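Here's the letter readout for the chains.
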Amino acid sequence: MKSICRRHRISGWPIWKYEFSTLFTFVSLVTMFSFSGCENSEHPAITLNRKNSTVLEVLEEIRDQSHYDLIGDLTLLESVGDVTIIVNKEPLSEVLKVLTVNQMFDIEIQNKTIVILPK
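Only a predicted model underlies this, so the values are computations on that prediction, with no experimental measurement involved. (Residues numbered from 1 in each chain as written. Predicted model: local features only at pLDDT ≥ 70, side-chain atom pairs only at ≥ 80, totals over all residues. Heavy atoms only, no water.)

Enquirer: I'd love a proper account of the overall build of the chain, names of residues and values included.
Expert: If you tally the helices and strands in the chain, you get 4 helices and 5 strands. The buried share of the chain, reckoned over its 119 residues, is 24%. A sequence separation of at least 24 residues applies to 57% of the contacts in the chain between residues at least 6 apart. Summed over all atoms, the accessible surface of the chain reaches about 8,900 Å², with 56% contributed by carbon and sulfur. (Helix = DSSP H or I, 4+ residues; strand = E, 2+ residues; numbered from the N terminus. Buried < 20%, exposed > 50% of the residue type's maximum accessible area, 1.4 Å probe, protein only. Contact = heavy atoms within 4.5 Å. Areas by Shrake-Rupley, 256 points an atom, 1.4 Å probe, with all protein chains shown as cover.)

Enquirer: Now, about the sheet that holds strand E5 (residues 113–118): what can you tell me, with residues and values included?
Expert: Ordered by their spatial adjacency, 3 strands build an open sheet running E2-E5-E4, and the pairing between neighbours is mixed. Where the open sheet ends on each side, the last strands, each with one partner, are strand E2 (69–72) and strand E4 (105–109). Taking each pair of neighbouring strands and ignoring which way they run, the sheet shows an average axis angle of 25°. Here 4 bridges tie E2 to E5, and the two strands are oriented parallel to one another. By the bridge assignment, Leu 70 is partnered in E5 with Ile 114. Those strands touched by helix H4 (residues 92–99) are E4 and E5, and its axis lies near 175° from that of E4. (Pairing = 2+ DSSP bridges. Axes fitted to C-alpha atoms, helices over the stretch in contact; angles between N-to-C directions.)

Enquirer: Before we move on, could you go through the pattern of salt bridges and cite the residues and values that matter?
Expert: In this structure the tally under the stated criterion is 4 salt bridges. Between Glu 57 and Arg 50 there is a salt bridge whose closest N-O contact spans 3.6 Å. Taking relative accessible area as the criterion, Arg 50 reaches 21% and is therefore assigned partly exposed. Here Arg 63 makes a salt bridge to Asp 64, at a shortest N to O gap of 3.9 Å. (Salt bridge = Lys/Arg side-chain N within 4 Å of Asp/Glu carboxyl O.)

Enquirer: Quick one: what's the story with the pairing of E4, residue by residue and with numbers?
Expert: In regular strands, side chains alternate between the two faces of the sheet. Pairing between E4 and E5: 5 bridges, direction antiparallel. Paired with Ile 109 across the two strands is Ile 114, which belongs to E5. Counting the residues in the hairpin turn of E4 and E5 gives 3 residues, including Asn 111, whose phi is positive at 50°.

Enquirer: Tell me about the nonpolar core, and name the residues and values.
Expert: With 22 residues, the main nonpolar core has Leu 48, Leu 59, Ile 62, Leu 96, Leu 99, Phe 105 and Ile 114 as its most contacted residues. Every element with two or more residues in this core is listed here: strand E1 (45–53), helix H3 (55–66), strand E3 (83–91), H4, E4 and E5. Discounting chain neighbours no more than four positions away, the residues touching Leu 96 are Leu 59, Ile 62, Ile 107, Ile 109 and Ile 114. (Core = buried A, V, L, I, M, F, W, Y, C linked by side-chain atoms within 4.5 Å.)

Enquirer: Summarise unusual backbone geometry; cite the residues concerned and give the values.
Expert: Backbone geometry at His 67 places phi at a positive 65°, although glycine is not the residue there. Its place among the elements puts His 67 in the loop between H3 and E2. Classification of His 67 as exposed rests on a relative accessible area of 69%. The phi dihedral of Asn 102 is positive, around 55°, even though this residue is not glycine. By the element assignment, Asn 102 lies in the loop between H4 and E4. Residue classification places Asn 102 among the exposed positions, given a relative accessible area of 76%.

These figures come from the coordinates and say nothing about function on their own.
And the structure:
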């Protein structure tokens, strides 16, 4: 009995296999390009060189560099003394961890917003 399966004229594959492999290649490329660079886009890199600055001044500079909003109880920052922080192209989350060491407040990142909370 003669096969009624059409074959691609160059590869000799059945047409459905050729179309499937083309679709698979396209979907793979789209997926690869859409996820490239995602690991760095989550938290922007921050560079600071602040000596004897208030925490509020440091957070305002972080806000300017990251383009994140800053909300929370800012009165928590009034009792904190001056700080010195020097970082070069560090992720935002790491810089905020450094700021909260031995402090009476905590900082979280929620939807591109820096939130100041009591501990």
